[in-house]
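Structure assessment
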Amino acid sequence: MNLLSRILYDMVYHTTPILLCVLGGLFAYKAGVLNIALEGMMLAGSFIAVFVALHTQNTLLIYLSALLVCAVIGLVFAYLAVKKKGNVIIIGLAINMLVPAIASFILQYMGVPNLTAKWVNPVNFRFDIPLIKDIPFLGSILSGHPLGTYIGLLMIFVASVVLYKTRFGIYTRVIGESPNAATSLGIQANKYATWAILIGALCCAVAGLNLSYERLGIFTNGMTAGRGFIAIAAIYCGKGKPVQSAMYAFIFGLARSLAINLSVFAGPISALFDIIPYLLMIAILAINSAYEIRNYRMRTYW
Amino acid sequence: MGTILQTKDLTKKFGDFTANDKINLTVEEGEIKAIVGENGAGKSTLMNMLYRQLEPTSGEIYLRGQPIEFNSPRDAIQHGIGMVHQHFMLVPSFKVYENILLGTELAHDKLRFLVDHKKEQQECAELIKRYGFDLDVNEVVENLSVGQQQKIEILKMLYRNVDILILDEPTSVLTPQEVDELLLQLKELKAQGKTIILITHKLREVMQVSDSVTVIKKGQIIGNVKTSETNEAELAQMMVGRKVLLTVQNDHIGQESPEVIYTVNDLTTNNTYGNIVVDHVSFEIKKGEIYGIAGVEGNGQSELVKLLSGMMEATGGTVHYKGEEITNLWADELRKLGIAIIPEDRYAQGLCKEMSLSANSIAGSTTSDAFKKNGIFDFKRIRQHCQELIDHYQIRIAEFEGNVSQLSGGNAQKLIIAREMNRQPDLLIASQPTRGVDIGAIEFIHQQILDFRNSGGAVLLISSELSEVMSLSDRIGVMYKGKILGEVDPLETSETEIGLLMAGTIPQEAVVYEK
């Protein structure tokens, strides 16, 4: 593989967890609930996947347990935020702090610095897609990824259909945009908001599982490294539209891929390249915001 | 035809406050029933109980003799009761057909989990045709006028085959022509067998369209009359409990001084979406003159007031006051120059609800030395000042040390007027000064504005109540799509002619001069 296709393959590879978070998280965004717990949910998925992989080699079981745990966290979030009308920022922060704290406690209890499922060989998880793999150039970028990546790419399409062509998606958008219209027609906002949060949690489970189990077979605490927040930035910039938001996820993936591939040439300062995605996030948010308020003439604070 | 809807001792309490007290309402099938009452009399509470957006504290509702047991708006619709709210319940980014069918989406024939947008469009187009409305199903709602949005709300209910249609203050946002069109449509619906309940405080419309009237005051029914056996004055008296002047005594003398005190020239600004919302607006106000601005809401009046009161920035044009340029000055600078401001939304911009009466009474003057001793607030003097305002302007309060939230709408507005007038300004900018205020307070506020004018003050009056602008102003500018379309003399112009200007057409004869 030459450098260019290497960079593009890595872009898809590194976009995966962000992309999954984005496509799951945008449902809650559309429903008017800011879910900042994406980060914590993703970390929970990472941890559980490898933790279960220490005891079994059953892929299905590993997937199910990660999904289950994240669903529970999602339900807790939904219960507190939707049913009990709590402050979403505080609940989200609590989850984001609680998950790594529990993980670190278990690591300490087990007396290990991180979890390693020795039987996992990431290469075995990567599989080619017939037909696509034979397309010159494109095949080498899109094929040969783990399952999570394909789920993520498929989700762009699924999220678009669900959001715009099904009752669930239409109602989710309505409760976020004009909750009074929803109530006046008997659409139960709480129900749809809860499901929207739950979809986000399940997608975070797959994202986390991809990050730890599918890629490395290793869990390190804090390995999500802010990807959940980058996903929020992508959702925000794409206004929650599946294709646009996914595009921003790819931009962040590309930044990460560049950081890794170019750092080979950078020598001792290569670590500096790791800040590229985060710098890019700030830059994109700033540009986006400046663009949004370019016509703002009010003197009010908000 | 018999009784279709009846309530028995229907009561709603919010804590200690009784919003509806033992209401016994009877609505006959196929009639247009008007329910009138002042703001805060409990009309909307009653309707929200009929529509089941509110749970009654006690009492019962009978539909065709059967007690109703449904407990959600969706149930109410299924039983044939539909409501068009005062504030529309539409999704702005959705198309017309999506809004009409919201909650009853049509499924795709084969893929049942998908919504069939094509089928929905056809169905809605047919519905619109059947009832003779004029609407494009594929239009996005946020691009439509308020009148058109209201049609969507009515269609939404008609699609659900309701027998009883409740309309909550449907005409408050329409031009006079749109009002006439709506009233015609209501008569048409009545002819098709629908029962209509019209909640309003506009007595002219009640007289025009209804069959019977129920008057509500302070949560109680105080009268049921046949429309043919009553008149506006009698209804007004029932609503308020005493004789009221429906039209304010305005001799329109002014002081005919040639001295121009306030000049606005080509003022322009845009909204967040980059659309021009105030478009080269120019006018001038003389001493001792009330300049009124009329127009359907949302045609730039709101932004114009924000520009002139220092809450928004202009992108072009100038404002001169007493020969000095004051474009884009901040509100405190304007106040220091002697400009008083009655803002559009009294709680968002005029008062701080959770602060005391006395603190609110000096808002806007906090930098003045009058209320300070050695640079620190002198609360004794501030309280004294507040008490003076309360006495002089007859503001009814419950508790002096309490917050502004204790005041009724009318008394809160009086506090703002007291505060602003007390500064002895030379120019008063009054935006929607009587919105949501009871009839008694309206009388008082109008008199204050006229007295100020008669004593030589200049007034800019912006209001969506056409009758208010017409009875108070000496000259009227009509705004349409951000422009002042024409300037008219209220004494020589009919409401119909102004209505045409409000809708964007310039009538031939009436306009004094065209801008």
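Since the model is a prediction, treat every value here as computed from it, not as a measurement.

With respect to the overall build of chain B
Secondary structure summary: chain B contains 17 helices and 24 strands in total. Relative to a compact globule of 515 residues, whose C-alpha radius of gyration would be 24 Å, chain B shows 25 Å and is just as compact. Along the first, second and third principal axes, the C-alpha atoms of chain B reach 75 × 50 × 50 Å. Of the contacts formed within chain B by residues at least 6 apart in sequence, a portion of 66% connects residues at least 24 apart.

Quick word on the nonpolar core
Formed by 153 residues in total, the largest nonpolar core has its most connected members in Phe77(A) and Leu5(B). Considering every element that reaches this core, the biggest residue donor is helix 10 (residues 189–214) of chain A, with 13 residues. Setting aside its immediate chain neighbours within four residues, Phe77(A) contacts Val33(A), Leu34(A), Asn35(A), Ala37(A), Met41(A), Val82(A), Val88(A), Ile91(A), Gly92(A), Ile95(A) and Ile197(A). Leu357(B), Leu407(B), Val459(B) and Leu472(B) belong to the second largest nonpolar core, which has 30 residues in total.

Thoughts on the side chain of Thr56(A)
Residues and elements named next belong to chain A. Relative to the elements of secondary structure, Thr 56 occurs in the loop between helix 2 (38–53) and helix 3 (59–83). Within polar-contact distance, the side chain of Thr 56 engages the backbone nitrogen of Asn 58 at 2.9 Å. Setting aside its immediate chain neighbours within four residues, Thr 56 contacts Leu 61, Ile 62 and Trp 119.

Some thoughts on the packing of aromatic side chains
Across all of its chains, the model carries 13 aromatic pairs over all chains by this definition. Here the aromatic rings of Phe168(A) and Tyr192(A) are separated by 6.0 Å at their centres, their planes lie at 40°, and the arrangement is tilted. Of the two residues, Phe168(A) sits in helix 8 (residues 167–177) while Tyr192(A) sits in helix 10, which places them 24 residues apart along the sequence. Feature note: the residues Phe27(A), Phe168(A), Tyr171(A) and Tyr192(A) constitute an aromatic cluster, connected by ring pairs. Across the ring face of Trp330(B), the terminal group of Arg299(A) is positioned such that the distance to the ring centre comes to 4.3 Å. Above the plane of the ring of Tyr347(B) lies Lys353(B), whose end atom (NZ or CZ) is 4.5 Å from the centre.

Examining the environment of Thr171(B)
Residue and element names in this part refer to chain B. Positionally, Thr 171 belongs in the loop between strand 8 (164–168) and helix 6 (176–191). Judged by its relative accessible area of 1%, Thr 171 is buried. Between the C-alpha atoms of Thr 171 and Lys 202, which are 31 residues apart in sequence, the distance is 8.5 Å. Not counting residues up to four positions away in its chain, the partners in contact with Thr 171 are Val 179, Leu 182, Lys 202 and Glu 205.

A few points about the sheet that holds strand 10 (residues 212–217) of chain B
Each strand in a sheet pairs with another by means of backbone hydrogen bonds, the pair being arranged parallel or else antiparallel. Residue and element names in this part refer to chain B. Strand order in this open sheet of six strands is 7-8-9-4-10-11, and the pairing throughout is mixed. Strands with a single pairing partner mark the edges of an open sheet, and in this sheet they are strand 7 (81–84) and strand 11 (220–226). If you compare each strand with its neighbour and ignore which way they point, the axes differ by 20° on average. In the sheet, strand 10 pairs with strand 11 via six bridges, with the strands oriented antiparallel. For Thr 214, the partnering residue across the bridge sits in strand 11 and is Asn 224. Those strands touched by helix 1 (residues 43–50) are strand 4 (32–36), strand 7, strand 8, strand 9 (195–200) and strand 10, and its axis lies near 150° from that of strand 9. The sheet strands contacting helix 6 are strand 4, strand 8 and strand 9, and the helix crosses strand 9 at an angle near 150°.

Focus on helix 1 of chain B
All names here are of chain B. Of all eight residues in helix 1, seven are buried, a share of seventy percent or more. Listed as buried for helix 1 are Lys 43, Thr 45, Leu 46, Met 47, Asn 48, Met 49 and Leu 50. Immediately beyond the C-terminal end of helix 1, within one or two residues, lies Arg 52, with a positive phi of roughly 65°.

Focus: the environment of Leu461(B)
All names here are of chain B. Residue position: Leu 461 is located in strand 21 (residues 458–462). Accessibility expressed as a relative area gives 0% for Leu 461, which makes it buried. Leave out the neighbours within four places in its chain, and Leu 461 touches Ile 290, Tyr 291, Gly 292, Ile 293, Ala 430, Pro 433, Ile 449, Glu 468, Val 469, Leu 472 and Ser 473.

Description of the pattern of salt bridges
For side chains of opposite charge, pairing can occur when their charged atoms come near one another. Residues and elements named next belong to chain B. Taken as a whole and assessed by the stated rule, the structure comprises 22 salt bridges over all chains. The residue Glu 401 makes a salt bridge to Arg 383 at a minimum N-O spacing of 3.3 Å. On the criterion of sequence distance, the pair formed by Glu 401 in the loop between helix 13 (379–392) and helix 14 (409–422) and Arg 383 in helix 13 is long-range, its members being 18 residues apart. Salt bridges sharing common partners tie together Arg 335, Arg 419, Glu 420 and Arg 423.

Let's talk about the sheet that holds strand 15 (residues 316–321) of chain B
All names here are of chain B. On the basis of which strands lie adjacent, the open sheet formed by four strands has the order 13-12-15-16 and antiparallel pairing. With one partner strand each, in any of the chains shown, strand 13 (276–286) and strand 16 (324–325) form the two edges of the open sheet. Judged from the five bridges that link them, strand 12 (residues 260–270) and strand 15 form a sheet pairing that is antiparallel. From the neighbouring strand, Val 264 faces strand 15, where its bridge partner is Val 319. The sheet strands contacting helix 9 (residues 301–308) are strand 12, strand 13 and strand 15, and the helix crosses strand 13 at an angle near 60°.

Brief notes about the confidence of the model for chain B
Residue and element names in this part refer to chain B. Taken residue by residue, chain B gives an average pLDDT of 87. The fraction at 70 or more is 95%. Contacts from residues 510–515, a stretch scored under 50 in pLDDT, to residues over four places away or in other chains number 18 contacts. Interface confidence in the predicted complex, given as ipTM, is 0.83; pTM for the same model is 0.81.

Quick word on the interface of chain B and chain A
Counting residues at the interface gives 39 residues for chain B, matched by 25 residues for chain A. For the pair chain B and chain A, the two sides together bury roughly 2600 Å², of which 58% comes from carbon and sulfur. Joining chain B to chain A, the criterion identifies one salt bridge. Two residues, Glu313(B) and Arg299(A), come together in a salt bridge whose shortest N-O distance is 3.4 Å. On the surface where chain B and chain A come into contact, there are 16 residue pairs in polar contact (both at pLDDT 80 or more). Those elements giving two or more residues to the side of chain B that touches chain A turn out to be helix 2 (73–78) and strand 12 of chain B. The element that contributes the greatest number of residues to the side of chain B that touches chain A is helix 2 of chain B, accounting for three residues. Its residues assigned to classes, the side of chain B that touches chain A shows 19 nonpolar, 14 polar and six charged.

The rules behind each value
Residues numbered from 1 in each chain as written. Chains lettered and ligands numbered in written order. Predicted model: local features only at pLDDT ≥ 70, side-chain atom pairs only at ≥ 80, totals over all residues. Heavy atoms only, no water. Helix = DSSP H or I, 4+ residues; strand = E, 2+ residues; numbered from the N terminus. Rg over C-alpha atoms; globule rule 2.2 N^0.38 Å. Contact = heavy atoms within 4.5 Å. Core = buried A, V, L, I, M, F, W, Y, C linked by side-chain atoms within 4.5 Å. Buried < 20%, exposed > 50% of the residue type's maximum accessible area, 1.4 Å probe, protein only. Polar contact = N/O pair within 3.5 Å; in protein donor to acceptor, adjacent residues only side chain to side chain. Phe/Tyr/Trp six-rings, centres within 6.5 Å; stacked < 30°, edge-to-face > 60°. Lys NZ or Arg CZ within 6 Å of the ring centre and 35° of its normal. Pairing = 2+ DSSP bridges. Axes fitted to C-alpha atoms, helices over the stretch in contact; angles between N-to-C directions. Salt bridge = Lys/Arg side-chain N within 4 Å of Asp/Glu carboxyl O. pLDDT = per-residue confidence, 0-100. Buried area = accessible area lost by both parts, 1.4 Å probe. Nonpolar A, V, L, I, M, F, W, Y, C, P; charged D, E, K, R; others polar.

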